[in-house]
Amino acid sequence: MRRTGYTRASTLGPIAGVVMENGGSIERVFQRAELPIRLLESPDTLLPLRDHFRLLATASRELRDEAFAARLGRQTSIAGLGVYGKWVTQAPTLFEAIHRSGTSLPHMMQSATRLAVRRYGDEVHWSYELADPATDGRPQNEMLALWYMIVMIRHFAGADWLPSRIMVGGLPVTARPSIDAQMGVDTLIRDLPGTIVFDQRLLMAVNPHLSADRGLDADELARIFDIPAPDDLPGNIGALIDLELLDGRPDLSRIVRRMGLSKRTLQRRLAELGLSFSDLLKNTRQRRAISFLCQPDLSITEIAMMLGYRDPAHFSRAFESWSGVAPGRWRKLAKSGG
């Protein structure tokens with residue numbers, strides 16, 4: 001199985017708006033990247049890092065803009081980081097925030113990724129390092145990540161703060177002027193992980209918003225550790241089924257391609273665990289059905305379509321076979337607490 005990481009769809013930021021504002025077609029970008037456009041409406045959906053890379057690379061090619069991710073990053077906000085952003089920006093000092101961001105990133109926001117801090121004299125080099133070997137779109141992903149890191153520091157240092165310089169790799173030197181313009185600082189293009197550089201004295205900056213920050217609620221805390229580990233086969237397949245459901249009925253051939261396995265190997269490895277693909281599909285649909293039924297603005301028909309069923313009747317029969325009651329009845333019982 002390919003050891004890939006995952007990230008949340010929210011890390012794409014306002015990608016649709018940036019693509020369209022610059023004359024591109026977001027529908028064409030998603031189609032060429034082989035991803036469901038409904039991902040834009042599902043910020044907590046897990047997306048394989050390689051697909052994240054490819055989507056950013058496709059958008060960059062669509063606009064013929066090597067600084068696309070830097071342009072996108074300028075419009076990001078801490079809100080795009082969800083629970084992870086809240087956890088980091090509730091730290092009392094920037095030093096603690098950087099520690100939180102590094103230790104919790106693989107569990108809360110993005111796996112196969114490391115945020116490393118190194119000191120060189122009076123400078124701090126804060127780097128975004130990837131274990132995933134994929135190369136297509138990697139520089140775009142790094143530039144976007146650097147902007148999120150800048151946004152985090154701005155929570156402590158002020159809305160206009162910028163690093164003294166940045167370093168990115170994998171781009172032609174000719175891209176430097178456009179990247180400089182979007183990043184607002186000098187860019188060094190080197191064969192190194194994406195890095196921002198700043199004065200080490202900033203580490204002790206105190207959080208000016210601490211008294212206004214509220215803690216994480218129970219639902220948010222429950223979502224902290226739900227990114228599957230690389231060797232968690234059922235967890236990885238479940239995450240990809242979630243992604244596939246955004247585009248209708250999950251396609252097993254696309255899932256095995258993303259995992260770097262043959263269909264036969266996947267089925268054999270699941271069988272060794274006493275599982276099958278249909279078991280995982282059923283489990284995912286059950287979990288999502290319960291979540292959707294708790295949202296009163298969604299009709300049974302809408303839920304059926306979102307779960308990949310041909311019509312509401314098929315969904316109702318399946319749900320009743322799982323729970324013993326029809327979905328409408330389950331919703332009423334859940335609302336009344338019965």
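Look up a bit, the structure's there.
Residues numbered from 1 in each chain as written. Predicted model: local features only at pLDDT ≥ 70, side-chain atom pairs only at ≥ 80, totals over all residues. Heavy atoms only, no water.

Trainee: I'm lost on the packing of aromatic side chains in this one. Help?
Mentor: Using the criterion set out here, one finds 4 aromatic pairs in the structure. Each ring, one from Tyr309 and one from Phe315, has its centre 5.7 Å from the other, and the planes form 50 degrees; the classification is tilted. Pair check on accessibility: Tyr309 and Phe315 agree, each one buried. Aromatic rings pair up to connect Tyr309, Phe315, Phe319 and Trp330 into one cluster. For Arg100, the ring lying beneath its charged end belongs to Trp87, and the centroid distance is 3.9 Å. Its guanidinium or amino end placed over the ring of Tyr309, Arg285 lies 4.2 Å from that ring's centre, counting from NZ or CZ. (Phe/Tyr/Trp six-rings, centres within 6.5 Å; stacked < 30°, edge-to-face > 60°. Buried < 20%, exposed > 50% of the residue type's maximum accessible area, 1.4 Å probe, protein only. Lys NZ or Arg CZ within 6 Å of the ring centre and 35° of its normal.)

Trainee: How do you make sense of the side chain of Asp242 when you look at a structure like this?
Mentor: With respect to the secondary-structure elements, Asp242 resides in helix α10 (residues 233-245). Since its relative accessible area comes to 13%, Asp242 is described here as buried. Beyond its immediate chain neighbours, meaning those up to four positions away, Asp242 contacts Thr284, Arg287 and Arg288. (Helix = DSSP H or I, 4+ residues; strand = E, 2+ residues; numbered from the N terminus. Contact = heavy atoms within 4.5 Å.)

Trainee: I tried to follow helix α11 (residues 252-259) on my own but got confused; where do I start?
Mentor: Owing to its 3.6 residues per turn, the α-helix aligns residues three or four sequence positions apart on the same side. Of the positions making up α11, those classed as buried are Leu252, Ile255, Val256, Arg258 and Met259. Looking straight down α11, one finds its buried side chains confined to an arc of 160 degrees; they lie on one side. Against β2 (46-48), α3 (49-63), α10, α12 (263-272) and α13 (277-293) lie the buried residues of α11. Directly beyond the C-terminal end of α11, a positive phi value near 70 degrees is found at Gly260. (Arc of directions from axis to C-beta.)

Trainee: Looking at this structure, I do not really get the packing of α3 against helix α7 (residues 138-157). What am I missing?
Mentor: Angle between the axes and distance between the axes are the two parameters that describe a pair of packed helices. The interhelical angle for the contact between α3 and α7, taken along N-to-C directions, is 95 degrees, at an axis separation of 8 Å. In terms of orientation, α3 lies roughly perpendicular with respect to α7. Counted together, His52, Phe53, Leu56 and Ser60 of α3 and Arg138, Gln140, Asn141 and Leu144 of α7 form the full contact between these two elements. Residue composition of the contact of α3 with α7, by class: 3 nonpolar, 4 polar and 1 charged. (Axes fitted to C-alpha atoms, helices over the stretch in contact; angles between N-to-C directions. Parallel < 35°, antiparallel > 145°, perpendicular 65-115°, else oblique. Nonpolar A, V, L, I, M, F, W, Y, C, P; charged D, E, K, R; others polar.)

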